[in-house]
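So you can see what is in the structure, the chains are spelled out below.
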Amino acid sequence: MHHFSRSWTALLAAVADIPHEDFERPSGCRGWLVRDLVCHLVIDAQDVLITLVTPADAEPTADAVTYWNLVEPPTGEDPLDALIPRLAAAYGDPGLLTFHLDDVGSAAGRAAELADPAARVRTQGKVLTVGDYLSAYVLEWTLHHLDLIAHLPSAAEPPAETLAAARTALERIAGTAFPSELSDTDALLVGTGRRGPTGAERSALGDLAERLPLVLG
């Protein structure tokens, strides 16, 4: 729960600090501008709010690791992926987009803090405890924070503690640890295919390099 709040608060603050002219810069999500990524975060925040008020009586069928599915890299043909840029452009003024994210995002943050970690919720056909659901989102927020600042060198980076938590989550998904030669940021970027490994990194990764990237869906 702490890592969720920490990572989400840092991400919202990073978005708020981006000059409006930088919303037209590319993000770390292939094919998306910064404004598109911010629009995606609005939808993510809505998903958190919806899930937290969708209780389940059944036993959990997933946890913070198995919440994630390994999928094929995006091709740009997914209808939702194609919708995001059009929706983001419809805002026009970046201030309207940041206002919407702050409004919905703050509500999602408050709902997470008020939720019972042991309660069970249903989302995407899975049942999880609230604690596991929010823990899964630490990886989402941290990766998207890195996406947000990919081409904004002066922007604030994710907190060190949430980078470490996200790395641990990705290692659990991979079923193995990333080599210590890779920083937490590099492990996340290389591990999820946001950039290719250098020669030295590929050597350090060994057999794991053949299993990358881990594309999460």
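Just so it is clear, the structure is predicted and the values come from calculations on it, not from any experiment.

A. Structural view of the overall build of the protein chain. Within the protein chain, the regular secondary structure consists of eight helices and two strands. Compactness check: the protein chain gives a C-alpha radius of gyration of 17 Å against a globular reference of 17 Å for 217 residues, within 12% of the reference. Dimensions of the protein chain, computed from the C-alpha atoms along their principal axes, are close to 45 × 45 × 35 Å. A fraction of 70% describes how many contacts in the protein chain between residues 6 or more apart in sequence connect residues 24 or more apart. In the structure as shown, the protein chain presents an accessible area of about 10700 Å², 54% of it carried by carbon and sulfur atoms. Within the protein chain, one finds 15 positive and 31 negative side-chain charges whose respective centroids are separated by 3 Å.

B. Region of the structure containing the pairing of strand 1 (residues 120-123). Taking every second residue as pointing to the same face, the buried face of strand 1 carries Val121 and Thr123, while none of Arg120 and Arg122 on the other face is buried. Here strand 1 runs beside strand 2 (residues 126-129); their pairing, made up of four bridges, is antiparallel. Following the sheet pairing, arginine 122 is matched in strand 2 by valine 127. Taking the residues that link successive antiparallel strands as the turn, the strand 1-strand 2 hairpin has two residues, and the phi of glutamine 124 there is positive, at about 50 degrees.

C. Up close: the packing of helix 2 (residues 34-52) against helix 4 (residues 94-114). One way to put it is that helix 2 packs onto helix 4 with a least axis distance of 9 Å and a crossing angle of 30 degrees. Put simply, helix 2 runs roughly parallel to helix 4. In this structure, helix 2 meets helix 4 at a crossing whose hand is left-handed. Contacts between helix 2 and helix 4 involve Arg35, Val38, Cys39, Leu41, Val42, Ala45, Gln46, Val48, Leu49 and Leu52 from the first element and Leu97, His100, Leu101, Val104, Gly105, Ala107, Ala108, Ala111 and Ala112 from the second. Per-class residue counts for the contact of helix 2 with helix 4 are 15 nonpolar, three polar and one charged.

D. A look at helix 1 (residues 2-17). Between its first and last C-alpha, helix 1 extends 23 Å over 16 residues, near the 22 Å set by a 1.5 Å rise per residue. Within helix 1 the residues assigned to the buried category are Phe4, Ser5, Ser7, Trp8, Ala10, Leu11, Leu12, Ala14 and Val15. Residues of helix 1 that are buried sit in contact with helix 2, helix 4, helix 5 (130-148) and helix 6 (160-174).

E. Expanded view of unusual backbone geometry. Of note, the amide linkage connecting leucine 212 to proline 213 takes the cis form, showing an omega dihedral of 5 degrees. Summarising the element assignment, proline 213 is placed in the segment after helix 8 (199-205). A positive phi angle, near 50 degrees, is found at glutamine 124, a position not held by glycine. Mapped onto the elements of the fold, glutamine 124 is located in the loop between strand 1 and strand 2. Owing to a relative accessible area of 54%, glutamine 124 belongs among the exposed residues under this scheme.

F. Highlighting helix 7 (residues 184-191). Looking only at helix 7, the buried set comprises Ala187, Leu188, Leu189, Val190 and Gly191. In this fold, the buried residues of helix 7 make contact with helix 5, helix 6 and helix 8. Count one or two residues on from helix 7 and you reach glycine 193, which has phi positive near 80 degrees.

Criteria and cut-off values
- As a convention, each chain's residues are numbered from 1 in the sequence order in which they are written.
- Local features are withheld for residues below a pLDDT of 70 in this predicted model, meaning they are given only at 70 or higher, and side-chain atom pairs are given and counted only at 80 or more; totals for whole chains, interfaces and linings count all residues.
- To get the side-chain values, take all heavy atoms of the structure and skip hydrogens and water.
- Each helix is a run of DSSP H or I of at least 4 residues and each strand a run of E of at least 2, with the numbering of both proceeding from the N terminus.
- The reference for a compact globule is 2.2 Å times residues^0.38; the radius of gyration itself is calculated from the C-alpha atoms.
- Any two residues whose heavy atoms approach within 4.5 Å at even a single point are treated as in contact.
- Methods summary: accessible areas were calculated by the Shrake-Rupley approach with a probe of 1.4 Å, and residue burial reflects only the protein chains presented.
- His is not counted here, nor are the chain ends, while Lys and Arg score as positive and Asp and Glu score as negative.
- To locate a charge, take atom NZ for lysine, CZ for arginine, CG for aspartate or CD for glutamate.
- Categorising residues by exposure relies on relative accessible area from a 1.4 Å probe, with only protein chains included: less than 20% of the type maximum marks a residue as buried, more than 50% marks it as exposed, and the intermediate range marks it as partly exposed.
- We call two strands paired when DSSP finds no fewer than two bridges between them.
- To obtain each axis, a line is fitted to C-alpha atoms, and for helices this fit is confined to the stretch in contact; angles are then taken between N-to-C directions over 0 to 180 degrees.
- Put simply, angles under 35 degrees are roughly parallel, angles over 145 are roughly antiparallel, angles from 65 to 115 are roughly perpendicular, and the rest are oblique.
- Here is the rule for handedness: rotate from the far helix to the near one, and if that takes an anticlockwise turn smaller than a right angle the crossing is left-handed, while a clockwise turn gives right-handed.
- Residues are grouped as follows: Ala, Val, Leu, Ile, Met, Phe, Trp, Tyr, Cys and Pro are nonpolar; Asp, Glu, Lys and Arg are charged; every other residue, Gly included, is polar.
- To estimate how far a helix should extend, the number of its residues minus one is multiplied by 1.5 Å.

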